[in-house]
Amino acid sequence: MGTFVKILIASVLVAYFAIKWTGPSFDPESLKGARVLVTGASTGIGEQMAYHYARFGAQIVITARRETVLQQVAEKCLSLGAQRALYIAADMASESDPDKVVNFALEKLGGLDYLVLNHIGPSPFGMWEGDVEHTRWLMKVNFFSYVQMAWRALPHLEQSKGSLVVVSSLLAKMVSPFTLPYTSTKFALNGFFGSLHHELAMKRSNVSISICTLGLIDTESAMEKVRGVTKVPAYPATEAALSIIIAGATRQLDLYYPWFTYAVTLFKDMFPSTTNYFIQNSYNNIP
């Protein structure tokens, strides 16, 4: 690696950490009693976010497809210190369920301070074989339901000076093989909510948006697909969940977890050919 490249990368990292260290500090007390809706909360990152919010003493509504598992998560949230922990089963591919979930949270909590959009639909990990119907379905779950829930919740977040937190992926910043439908939905999320951030700022809205760019996280569903296939390291779901919560509470526009994902997104624009080489050679085999 040339001296110029080393200096450039070091400068980028110094700037990144300087921004992080001089940004607003996180006050755990600010979440005590906060009214929070977390989607995709039966497992993985969403489940871990529910537990963190519970420890901070928030009032929580969680949602996912499996009611039995949601009940177990809600019970644990109460044992961890949540002021309230309610759940509602929903299918985010449905035309009506996204609105139903937001309405349930508004009714039970009397408003919303945080809408945390985290759910995803299952998608195969492998070469794309032309399944357009699956791609269309996944867009409904991973993208259109986010838009629908955000629109339903925005007036109430405006009243509470609340936060809209969108869990995205490094794959929304740089393309990779074997995840075409999933990657497409995450690019759509970043484009939509990045644009919405500008519109809210221009209207001097009280609502903040946090777009969370995550690398590979060690959730059960992710590891089942990539274990033994990729050389990319996985990072703890509980740490990712806490980072997302802090980003929303401190009203950060962008979160990158783990930290090096920020450097990766810059590197790929400066050195596209090198980035493509590393991407295509970061797999042990073709799934």
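My aim in this report is to walk through the structure given alongside it, one point at a time. Residue positions are given per chain, counted from 1 along the sequence in the order it is written. The model is predicted, so local features are restricted to residues of pLDDT at least 70 and side-chain atom pairs to those at 80 or more, both for listing and for counting; the totals for chains, interfaces and linings are taken over all residues. Remark: hydrogens and water are excluded; side-chain values derive from all non-hydrogen atoms of the structure.

1. So, unusual backbone geometry
The condition is simple: Helical segments are the DSSP runs of H or I of at least four residues, strand segments are the runs of E of at least two, and each set is numbered from the N terminus.
Put simply, Y257 and P258 share a cis peptide bond, and its omega is -10 degrees. Within the fold, P258 resides in the loop between β7 (254-257) and α9 (260-270). Unusually for a residue other than glycine, F178 sits at a positive phi of about 75 degrees. By the element assignment, F178 lies in the loop between β5 (163-167) and α6 (180-202).

2. Here's the deal with the environment of Q48
So the rule is basically this: Relative accessible area decides the class of each residue, using a 1.4 Å probe on protein chains only: under 20% of the type maximum gives buried, over 50% gives exposed, and in between gives partly exposed. The contact rule is simple, with two residues in contact once any of their heavy atoms fall within 4.5 Å.
When you line up the elements, Q48 lands in helix α2 (residues 44-55). Accessibility expressed as a relative area gives 21% for Q48, which makes it partly exposed. What Q48 contacts, discounting residues up to four positions off in sequence, is A237, T238 and A241.

3. Topic: a nonpolar patch on the surface
Quick reminder of the rule: Without a salt bridge and with relative accessible area above 30%, a residue can belong to a patch; like charges are then joined within 9 Å and nonpolar side chains (Val, Leu, Ile, Met, Phe, Trp, Tyr) within 5 Å. The accessible surface values rely on the Shrake-Rupley method and a 1.4 Å probe; as for residues, cover is taken only from the protein chains in view. For this analysis, a salt bridge means a side-chain nitrogen from Lys or Arg found within 4 Å of a carboxyl oxygen belonging to Asp or Glu.
Among the surface-exposed residues, W128, V132 and L180 lie close enough to one another that they form a single nonpolar patch of about 280 Å² accessible area. Of note, L180 is situated in helix α6. Using a relative accessible area of 39% as the deciding quantity, one classes L180 as partly exposed.

4. Overview of the pairing of strand β3 (residues 84-89)
To keep things clear, this is the line we draw: The pairing criterion for strands is at least two bridges between them, as found by DSSP. Note on handedness: a crossover is taken as right-handed if, strands pointing away from the viewer, the path from the first strand over the helix to the second is clockwise.
By the bridge criterion, six bridges tie strand β2 (residues 59-64) to β3 in an arrangement that is parallel. Looking across to β3, one finds that V61 is bridged to L86. A crossover links β2 with its parallel partner β3, the connecting element being helix α3 (residues 67-80), and its sense is right-handed.

5. Digging into α2
Every α-helical turn comprises 3.6 residues, leaving residues that sit three or four positions apart pointing alike. For clarity, the cut-off: For a helix, the expected span equals 1.5 Å multiplied by the residue count minus one.
For α2, spanning twelve residues, the distance from its first C-alpha to its last is 17 Å, which sits close to the expected 16 Å at 1.5 Å a residue. Of all twelve residues in α2, ten are buried, a share of seventy percent or more. Taken as a whole, α2 has its buried residues at G44, I45, G46, E47, M49, A50, Y51, H52, Y53 and A54. Count one or two residues on from α2 and you reach G57, which has phi positive near 80 degrees.

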